[in-house]
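# Coordinate inspection notes
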Number of protein chains: 2
Amino acid sequence: MKQLEIFKALSNKTRLEILQWLKDPELNFPDQIHAGFEVGVCVGQIQVKAGLTQSTVSEYLSILQRAGLVESTRVGQWTYYKRNEPAFEELSKIIQSDI
Amino acid sequence: MKQLEIFKALSNKTRLEILQWLKDPELNFPDQIHAGFEVGVCVGQIQVKAGLTQSTVSEYLSILQRAGLVESTRVGQWTYYKRNEPAFEELSKIIQSDI
DNA sequence: TTGGAATATCGGAAAAAGTCGATATATATT
DNA sequence: AATATATATCGACTTTTTCCGATATTCCAA
C-alpha cells in the first residue's frame, strides 16, 4: 500500500515543516547561495533550519522522497530537494476517493 | 498540530482498512443485525473482520475518533462507529493548501 | 439483583520510528 | 594526490507504536 508509506512520511512534525518550508524557498531559505531555487534547497540549509543533526535530516529527506513527496537533484557536492507537487494533488484525490 | 494526529491515525494498515470498510457497511458487514447502518457498525463486527483482538480494535477506533475521522453512537450495549465524511473533505483541502 | 454480553481501559512485551555520533562516499579545490 | 566540504549510511540508544491478555465498566435480560 503506497498510501500507507505516504501517511507515515507525513506523521512527523519536522517532516511536515520541511514540506511547508519548501513551498516558499526564497522566503524560508534566504541564505542559499550555490544555486537558484528551481532545483530546490540543499540538505545543509534544511538541516540548519530544522535544528536536527545532518544525519537525521538526510534520513528524513529520503523518507519523503521514497514516499514520492519530494524529488532530489544532485549538483556538484550538493543535493537539492524540492516538492513534487503532482504527488500532493494525487494525495488529495486519494483522500476524496480511496480512503 | 491537528494534522499530525490525523496522519498518525492514518499510518496503520488496519485503521486504513477500517475506514474503507465503513464506506460501504452493507457490503462489508452483512452480518450486523442489531441496528440499521445509519448509526454505523458496532465494534464487534469490525473486530471480527479485522482479525485482531477486541481491545486492539477498540483502541484503534478511539484513535480514529480522536483524529475526528469517525464518530460513535452508543445504543444499548453497542457502540456504533461511522465515518465523519466532512473530516475527509477538510483533509483533502488541507493537503491542497496547508501541507 | 445477578449474570451475561459488548465495549473500554490498563499494563506490558515486542517491533518500529526517532535521533544521535561516527564513518563512508562523492565531489571540488589546490 | 591530498585535503576539504556536502551528503549518505551505519550502529546504537531512546521513545513511540503495535498488539495482546486481563480486568473494569456499562447496559440488558432473566
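What counts, and at which threshold
Residues numbered from 1 in each chain as written. Chains lettered and ligands numbered in written order. Predicted model: local features only at pLDDT ≥ 70, side-chain atom pairs only at ≥ 80, totals over all residues. Heavy atoms only, no water. Least-squares fit on C-alpha atoms with pLDDT ≥ 70 in both. Contact = heavy atoms within 4.5 Å. Core = buried A, V, L, I, M, F, W, Y, C linked by side-chain atoms within 4.5 Å. Buried < 20%, exposed > 50% of the residue type's maximum accessible area, 1.4 Å probe, protein only. Pairing = 2+ DSSP bridges. Helix = DSSP H or I, 4+ residues; strand = E, 2+ residues; numbered from the N terminus. Axes fitted to C-alpha atoms, helices over the stretch in contact; angles between N-to-C directions. Near = heavy atom within 4 Å. Polar contact = N/O pair within 3.5 Å; in protein donor to acceptor, adjacent residues only side chain to side chain. Buried area = accessible area lost by both parts, 1.4 Å probe. Salt bridge = Lys/Arg side-chain N within 4 Å of Asp/Glu carboxyl O. Nonpolar A, V, L, I, M, F, W, Y, C, P; charged D, E, K, R; others polar.

For chain A, the name recorded in an unreviewed UniProt entry is Transcriptional regulator, ArsR family, with Pedobacter caeni as its organism.

## A word on the relation of the copies chain A and chain B
In the superposition of chain A on chain B (RMSD 0.0 Å, axial shift 0.0 Å), the rotation amounts to 180°. One copy is carried onto the other by what is essentially a two-fold rotation axis. Across chain A, the smallest distance between a C-alpha and the rotation axis is recorded for Ser92 of chain A, namely 2.4 Å. By residue overlap, the copies meet face to face through one surface: 100% of the interface positions of chain A are interface positions in chain B.

## Quick look at the nonpolar core
Judged by nonpolar contacts, the single largest core of 56 residues is most densely connected at Leu10, Leu69 and Ile99 of chain A together with Leu10, Leu69 and Ile99 of chain B. For Leu10 of chain A, the residues in contact, after removing those within four places along its chain, are Leu16, Leu19, Leu69 and Leu91 of chain A together with Leu4, Phe7 and Ile99 of chain B.

## Remarks on the sheet that holds strand β3 (residues 78–83) of chain A
Residue and element names in this part refer to chain A. What the three strands build is an open sheet, ordered β1-β3-β2; its pairing is antiparallel. Each end of this open sheet is capped by a strand with a single partner; those strands are β1 (41–42) and β2 (70–75). Strand direction decides the pairing type here: β2 and β3, joined by six bridges, are antiparallel. Along β3, the bridge assignment pairs Ser72 with Tyr81. In the packing of helix α5 (residues 54–66) onto the sheet, the strands contacted are β2 and β3, and the crossing angle to β2 comes to about 120°.

## Details of the protein's contact with DNA strand D
In the vicinity of DNA strand D, 21 residues are found, and the nearest of them are Gly44, Ser55, Ser58 and Gln77 of chain A together with Tyr60 of chain B. The protein-proximal atoms of DNA strand D, defined as those within 4 Å of the protein, are 63% sugar or phosphate. The side chain of Gln54 of chain A places a nitrogen or oxygen atom 2.9 Å from a base nitrogen of DNA strand D.

## Concerning the interface of chain A and chain B
The partner chain B presents 23 residues to the 23 residues of chain A that form the contact. The junction of chain A with chain B conceals about 2,000 Å² of combined surface from both sides, 66% of it contributed by carbon and sulfur atoms. Looking at the side of chain A facing chain B, the largest losses of area belong to Leu16, Ile95 and Ile99 of chain A, adding up to 27% of the total buried there. On inspection of chain A and its partner chain B, the count reaches zero salt bridges. For the interface between chain A and chain B, the tally reads 14 residue pairs in polar contact (both at pLDDT 80 or more). Of all elements in the fold, only α1 (2–9), α2 (13–21) and α6 (85–97) of chain A reach the threshold of two or more residues within the side of chain A that touches chain B. Examining the composition of the side of chain A that touches chain B, we find that six residues originate from one element, α6 of chain A, more than from any other. Among the residues forming the side of chain A that touches chain B, the class breakdown is 10 nonpolar, seven polar and six charged.

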